[in-house]
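One letter stands for each residue in the lines below.
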Amino acid sequence: MTKTQILTKLLATTVFCGSAFAAAPAFAQDDQPDAQATQDQAIVVTGSRIPQPNLESASPISVVNSQDVTLTGTTRTEDLINSMPQVFAGQSSTVANGATGTATINLRGLGSERNLVLVNGRRLVPGDPSSSAADINMIPAALIDRVDLLTGGASSVYGADAVTGVVNFILDTDFEGFRLDTQYSFYQHSNRGRPDVISALDARGFGYPSGSVADGGTWDTTLVFGASFDDGRGHVTAYAGYRKINAVLQARRDYSACALTANASTPGFTCGGSATSANGTFFTYTNTFQVGNGRVFIPGSTAYNFGPLNYYQRPDERYTAGLFADYEVTEGIRPYLEFMFMDDRTVAQIAGSGNFGNTFSINCDSPLLSAQQLAIVCAPDNLLSDASGATVGGTGDPALTFTDPLTGATYQRGFLQILRRNVEGGGRRDDLQHVEYRVVAGVRGDIDPTWSYDVYYQYGRTNFSETYFNDFSVTRLQRALDVITGPDGTPICRAAQAGGADPNCVPWDIFTPDGVTPEALAYLQVPGFQRGVNGETVASASITGQLGNYGLQFPWASEGVGIAAGVEYRKESLDFFSDISFQTGDLAGQGAPTLPVTGSFDVREVFGEIRIPIVSDSFLHEFTITGGYRYSDYETSGGTGYTTDTYKIQAQLAPVRDITFRGGYNRAVRAPTVQDLFAPNRVVLDGTTDPCAGDFDPATPAEEPTATLAQCQAQGVTSAQYGSIRPNPANQYNGFVGGNLDLTPEVADTYTVGVILQPRFLPRLALSVDWFDIKLRQAITGIGADTIIDQCVQTLDPFFCGLIQRDQFGSLWLSNNGFVIDTTQNIGGIRTRGIDVNGSYSFQLGSAGSLGVNFVGTWLDKLTTDTGVGPQIECAGLYGNICGTPNPEWRHQLRVSWNGPHGIGASLRWRYYSGVDIDGSAGQPELQHINSQNYFDLAFTFRVNSHYSFRLGSNNIFDREPPLTAAQACPAGICNGNAFSQVYDALGRYIYAGVTLDF
């Protein structure tokens, strides 16, 4: 029996008549092999290095196989994985603001850096300079044989990061023949006009689409070639793929045509927006103005609708290629090679740049301002009192002046903070490219019937390139607004006069409609460049032994003790560089400086594992104990070091063949990443709330401060500032963040207990129920800017309040002098607990074919964050600024598939998410509840003969719109288009058609 045939039998409970289902649990084969067959045909299960006779594991493993790729029409691997109940939202193609351009996996909701992503049992290189998480864009969906999702720690087997578990992509490296697989897909949505959204749009006069739209078209093509040679002693598989995804703008959906807001006093949604507006928002010391018709200021402001320009789906173009080869020189020498390549380029577009309050004054002799405007800006109580602008107003002394260093002329300056959108230049476009390489070269073989070995060297590299277009230079903004009358009587920049600092400066005339010239735009818009390289090197040597050949075997067991041991070396490095615009924070739309990061760490490890079958096919069907241990010695390029120990003990008990109990304990760790250790301290956008911001204007009661004067004074707000601190229109506030060379590894205790039912009276029924409990302490994290502010408000604790540093205006966003200190440290912990349920059953329908049912569900009992300095935060069943993306207490998938005669098949999938509530951070609990969501997917397959097969399907067949939430609870980076688009289907009905040609 070949290895392929063995695996087919082992997956018999999840396969029927050649078709498989989503998320099938890994169960044992129906027929127990004899001892000799076990020795000859043992396989390696995810989560262990010791070969064993079946895929049944002491750790819960859910399996997604190649048929599910076909039945879901998946071209993006993250769509396949994120639909699993065990997986929470990570970076995906629907993220625009804050996108890294990668696709990551967040297993169990504890973060994408706390699970380990493997390819054929070996690590995938970190995918971006911002994170150690792997980019699964590199995985060719058409080559996936199966995906194993292992729950619980696996650090003793694979090393650090496997805290919540392992996602192991098993690729079909044994393919033979020639295959061309191609598919086209797109989204179709009928804009039905949800009444509360349409009312909000009409109230603001914003346009929106109606009727049916079709967009987001995607072509995906993969060529695969495989062949044996030299009488089957060698084998090679090669592939090449191309994928092109078209963009979808938020303007194409009525529910994303504006940024929705809500408040407790007004029912329903309203259209919000940004004060950085098309005609400008101009703040003097006491009043707010905008530009009216002509060169005049009129009171008030008009919020800018930034939504339509944002991408709902980023455009993407990806090239992949790879090669897998092995050759049997002798049974003891079998060299092998793996090579994978990806070039992925995507563009994240958000609304245009502008002056986001980056300038604070203007000269009173500016020819750009009319007499009416000058009278407002240069009123005595609005004049700057000194050159720094630290003191504003209240002097009434017109004699205070500034001096032109070139001409010696004196002039006055008035306080004028400007928020004005670059509507002339279009959206900000973040061009992100990741080029990844992964090479594995090794040799394995059987030393004798007892011992086998595996030695390999692995190198992975990610080349990152980012070019940010259409942003404004803050330095140039300041120069383009400091305008004087030139010798010929026309306005010129003070910096452009003879001997000035910038002869290329062009005035930016925003004080009258249509005053901005193409020349001014060309001067202000500057590109930003960032480059980075992630490197990963692994050298590993291991040996496994079946000690039953030496008689090391219990008398009640049909197989002997198995062991594995080895040594491993791993190095991870990062070299990240940014240009001067990023480093100095000169790009107005970035919020903060982005500084270079360089660093590395390496780790030397020794590991061992033992599997002890105590009883098999005797008075018990099976009783097996497994243990593992790994010792790791880390050293960083910063000169610090530490050691860790990880270990596991697991057991399987099957009194009879029909029922198996399993359970285990794992000590797992996550070592500090290069980013955790070496990220420079800097001010960035980190928080989403400021309860002290707001005014007491009766016309805008929703904008009043939510914290009391005493609560704000504890944060450094003066009584004069209270009630006049401007909120950030985008709900983005500064935090002081950075790395820490003194960090130590996170430590996790993971427990699993489960039962597997495979009754012989229903031979094709399989059911598993597994309880998991993962407790992580010494978490590598910041406390969180919002948490710090909330704790200060609630407790007035000097520790929390002392971490809040406000600038001269009492603000946490107007300048880099206002921020919340939120640097990385080992503090607090995270815990998740719940139950996984997996089941499958198939039966024959006589001449009508066969029917199969598969189910996978997860009940989330706990998802708790302990900040270490305050009360624990429970996020099960919640979402928002603190809890992030929705965390439903119950999620499931149910698939029913029919395989009929003549190669015809059909499959229906039901995806369910239970309802979630706001985490309390936004203050609108009634409106912010998200009801339970149901999605139904339908797929048809047709095989003409052994060479041609077709598929046609649709996901979200009823075109269900996503649940909407207001901007107050919809943080950028995890929320897009008023929806959590990584969790719920946000674009409507997904339709696909594909063909596979085999020769």
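Residues numbered from 1 in each chain as written. Predicted model: local features only at pLDDT ≥ 70, side-chain atom pairs only at ≥ 80, totals over all residues. Heavy atoms only, no water.

Considering the overall build of the protein chain
Here comes step 1: When its secondary structure is counted, the protein chain shows 14 helices and 60 strands.
Here comes step 2: Taken along the three principal axes of its C-alpha coordinates, the protein chain extends 100 × 60 × 55 Å.
Here comes step 3: Burial analysis of the protein chain (999 residues in total) assigns 58% to the buried set.
Here comes step 4: On the protein chain, roughly 36200 Å² of surface is accessible, and the fraction owed to carbon and sulfur atoms is 57%.
Here comes step 5: Considering the protein chain, the positive charge centre built from 63 side chains and the negative charge centre built from 99 side chains are found 4 Å apart. (Helix = DSSP H or I, 4+ residues; strand = E, 2+ residues; numbered from the N terminus. Buried < 20%, exposed > 50% of the residue type's maximum accessible area, 1.4 Å probe, protein only. Areas by Shrake-Rupley, 256 points an atom, 1.4 Å probe, with all protein chains shown as cover. Lys, Arg positive; Asp, Glu negative; His and termini not counted. Charge placed at Lys NZ, Arg CZ, Asp CG, Glu CD.)

Points about the side chain of arginine 146
Here comes step 1: The topology assignment puts arginine 146 in strand β11 (residues 144-151).
Here comes step 2: Residue arginine 146 is classed as buried on the basis of its relative accessible area of 9%.
Here comes step 3: In this structure the side chain of arginine 146 is engaged in a polar contact, spanning 2.9 Å, whose partner is the side chain of aspartate 148. (Polar contact = N/O pair within 3.5 Å; in protein donor to acceptor, adjacent residues only side chain to side chain.)

Details of the pairing of strand β12 (residues 165-171)
Here comes step 1: Burial of β12 is extensive: seven of the seven residues sit out of reach of the surface.
Here comes step 2: Alternating residues of β12 divide into Gly165, Val167, Phe169 and Leu171 and Val166, Asn168 and Ile170, and every residue in both groups is buried.
Here comes step 3: As judged from the four bridges shared by strand β7 (residues 116-119) and β12, these two strands associate in the parallel manner. Each residue of the ladder has a partner; that of leucine 116, found in β12, is valine 166.
Here comes step 4: In the sheet, β11 pairs with β12 via seven bridges, with the strands oriented antiparallel. When the sheet's bridge partners are listed, arginine 146 is paired in β12 with isoleucine 170. (Pairing = 2+ DSSP bridges.)

Remarks on empty space enclosed by the protein
Here comes step 1: One pass over the structure, following the stated rule, counts 12 cavities of 30 Å³ or more.
Here comes step 2: Computed from the structure, the largest cavity encloses a volume of approximately 550 Å³.
Here comes step 3: Taken together, 32 residues line the largest cavity, and the ones lying closest to its centre are Arg76, Asp79, Tyr187, Arg911 and Asp985.
Here comes step 4: Those elements that provide at least two residues to the lining of the largest cavity are α4 (77-82), β13 (177-191), β14 (211-229) and β56 (904-913). (1 Å grid on protein atoms, 1.4 Å probe; cavity = no way out; pocket = protein on both sides within 12 Å on 5 of 7 lines; lining within 4 Å. Points joined across faces, edges and corners; volume = space filled by probe spheres on them.)

Some words on the state of the cysteines
Two cysteines form a disulfide when their sulfur atoms are joined by a covalent bond.
Here comes step 1: Applying the stated rule across the entire model yields six disulfides.
Here comes step 2: Disulfide partner of cysteine 364: cysteine 378, at an S-S distance of 2.0 Å. Taking the torsion about the sulfur-sulfur bond, which here is approximately -105 degrees, the covalent link between cysteine 364 and cysteine 378 counts as left-handed. With cysteine 364 in the loop between β26 (361-363) and α7 (371-377) and cysteine 378 in the loop between α7 and β27 (402-403), this pair connects stretches of sequence that are 14 residues apart. We note that cysteine 364, like cysteine 378, is buried. (Disulfide = S-S within 2.5 Å.)

Examining the sheet that holds strand β41 (residues 682-687)
Here comes step 1: Strand order in the open sheet formed by four strands is β41-β44-β49-β48, with mixed pairing between adjacent strands. Only two strands of the sheet have a single neighbouring strand rather than two, namely β41 and β48 (804-805).
Here comes step 2: Pairing of β41 with strand β44 (residues 733-737), which is carried by five bridges, proceeds in the antiparallel orientation. The residue of β44 that forms the bridge with leucine 685 is asparagine 734.
Here comes step 3: Helix-sheet contacts for helix α13 (residues 785-795) involve β41, β48 and β49 (819-821), and the interaxial angle to β49 is about 90 degrees. (Contact = heavy atoms within 4.5 Å. Axes fitted to C-alpha atoms, helices over the stretch in contact; angles between N-to-C directions.)

Some remarks on the sheet that holds strand β30 (residues 417-421)
Here comes step 1: Spatial strand order, β21-β20-β19-β30-β25: five strands in an open sheet with antiparallel pairing. A single partner strand is all that each edge strand has here, and the edge strands are β21 (297-299) and β25 (354-356). Taking each pair of neighbouring strands and ignoring which way they run, the sheet shows an average axis angle of 30 degrees.
Here comes step 2: Here strand β19 (residues 281-283) pairs with strand β20 (residues 288-291) via two bridges, running antiparallel. Residue pairing in the sheet places phenylalanine 282 in a bridge with phenylalanine 289 of β20.

Focus on the pairing of β13
Here comes step 1: Bridge analysis of β13 against β14 gives 14 bridges, and the strand direction is antiparallel. Pairing of asparagine 191 across the sheet is with glycine 211, part of β14.
Here comes step 2: Summarising the sheet, β13 and strand β60 (residues 989-998) pair through 10 bridges and their orientation is antiparallel. Directly across from arginine 179, in β60, lies its bridge partner aspartate 998.

Quick word on helix α8 (residues 474-481)
Here comes step 1: Looking only at α8, the buried set comprises Val474, Leu477, Ala480 and Leu481. Buried residues of α8, viewed axially, fall in a sector of 120 degrees; they line one side.
Here comes step 2: Two to three positions downstream of the cap, the backbone nitrogen of threonine 475 sits 3.4 Å from a side-chain oxygen, assigning the N-cap of α8 to serine 473. (Arc of directions from axis to C-beta.)

So, the pattern of salt bridges
Here comes step 1: Using the criterion set out here, one finds 49 salt bridges in the structure.
Here comes step 2: For arginine 122, the salt bridge is made with glutamate 338, and the minimal N-O distance between the two is 3.4 Å. Of this pair, arginine 122 sits in strand β8 (residues 122-123) while glutamate 338 sits in strand β24 (residues 334-350), and the two are 216 residues apart along the sequence. Take arginine 122 and glutamate 338: they sit in the same class, and that class is buried.
Here comes step 3: Glutamate 622 serves as the salt-bridge partner of arginine 611, at 3.8 Å between the closest nitrogen and oxygen. With arginine 611 in strand β37 (residues 597-616) and glutamate 622 in strand β38 (residues 622-636), this residue pair connects regions lying 11 residues apart in the sequence. (Salt bridge = Lys/Arg side-chain N within 4 Å of Asp/Glu carboxyl O.)

As for α13
Because an α-helix completes one turn every 3.6 residues, residues spaced three or four positions apart along the sequence face the same direction.
Here comes step 1: Within α13, eight of the 11 residues are buried, which leaves it mostly tucked inside the rest of the structure.
Here comes step 2: When we look at burial in α13, the residues that qualify are Ala785, Asp786, Thr787, Ile788, Ile789, Gln791, Cys792 and Val793.
Here comes step 3: Contacts from the buried residues of α13 go to β41, α12 (709-713), α14 (798-801), β48, β49 and β53 (873-874).
Here comes step 4: Taken from the residues just after α13, leucine 796 is the one with a positive phi, measuring 55 degrees.

Here we look at the packing of aromatic side chains
Here comes step 1: All told, the structure shown has 34 aromatic pairs when counted by the stated rule.
Here comes step 2: Seen in terms of ring centroids, phenylalanine 936 and phenylalanine 958 are 6.0 Å apart; in terms of plane orientation they differ by 80 degrees. Their pairing is edge-to-face. Of this pair, phenylalanine 936 sits in strand β58 (residues 933-943) while phenylalanine 958 sits in the loop between β59 (948-955) and β60, placing them 22 residues apart in sequence.
Here comes step 3: Feature note: the residues Phe282, Phe289, Phe297 and Phe511 constitute an aromatic cluster, connected by ring pairs.
Here comes step 4: The side chain of arginine 494 reaches across the aromatic face of tyrosine 411, ending 4.0 Å from its centre. (Phe/Tyr/Trp six-rings, centres within 6.5 Å; stacked < 30°, edge-to-face > 60°. Lys NZ or Arg CZ within 6 Å of the ring centre and 35° of its normal.)

Thoughts on a nonpolar patch on the surface
Here comes step 1: Together, Phe178, Leu223, Phe225, Ile904, Phe942, Val944, Tyr948, Phe950 and Phe999 make up an exposed nonpolar region whose accessible area comes to about 800 Å².
Here comes step 2: Put simply, the parts of the chain that give the nonpolar patch at least two residues each are β14 and β59.
Here comes step 3: Along the chain, isoleucine 904 falls in strand β56. (Patch = residues over 30% accessible without salt bridge, like charges linked within 9 Å, V, L, I, M, F, W, Y side chains within 5 Å.)

So, the confidence of the model for the protein chain
Here comes step 1: Mean pLDDT over the protein chain: 88, with 92% of residues reaching 70 or higher.
Here comes step 2: Between residues 387-397, whose pLDDT stays under 50, and residues either more than four places distant or in other chains, the model counts 21 contacts. (pLDDT = per-residue confidence, 0-100.)

With respect to the environment of aspartate 128
Here comes step 1: Among the secondary structure elements, aspartate 128 is positioned in strand β9 (residues 126-128).
Here comes step 2: Judged by its relative accessible area of 6%, aspartate 128 falls in the buried class.
Here comes step 3: Residues within four places of aspartate 128 in sequence aside, it is in contact with Thr100, Thr102, His434, Phe464, Asn534 and Gln675.
Here comes step 4: Polar contacts involving the side chain of aspartate 128 include one to the side chain of histidine 434, which spans 2.6 Å.

Overview of unusual backbone geometry
Here comes step 1: Phi at aspartate 231 is positive, roughly 60 degrees, even though this residue is not glycine.
Here comes step 2: On the secondary structure map, aspartate 231 appears in the loop between β14 and β15 (234-245).
Here comes step 3: Take aspartate 231: its relative accessible area is 80%, and that puts it in the exposed class.
Here comes step 4: In this structure, leucine 796 takes a positive phi of about 55 degrees despite not being glycine.
Here comes step 5: Positionally, leucine 796 belongs in the loop between α13 and α14.

Here's the deal with the environment of tryptophan 890
Here comes step 1: Counting through the fold element by element, tryptophan 890 comes out in strand β55 (residues 890-899).
Here comes step 2: Linking tryptophan 890 and valine 944, residues 54 residues apart in sequence, is a C-alpha distance of 40 Å.
Here comes step 3: Ignoring any residue separated from it by four or fewer positions in sequence, one finds tryptophan 890 in contact with Phe855, Gly857, Thr858, Trp859, Tyr912, Tyr913 and Ser914.

Description of the side chain of asparagine 734
Here comes step 1: Looking at the element boundaries, asparagine 734 is found in strand β44.
Here comes step 2: According to the relative accessible area criterion, asparagine 734 is buried, its value standing at 2%.
Here comes step 3: Side-chain polar atoms of asparagine 734 contact the backbone oxygen of glycine 818, separated by 3.0 Å.
Here comes step 4: If we skip the residues at most four places from it in the chain, asparagine 734 touches Gly591, Val683, Val684, Leu685, Asp686, Leu812, Trp813, Ser815, Asn816, Gly818, Phe819 and Val820.

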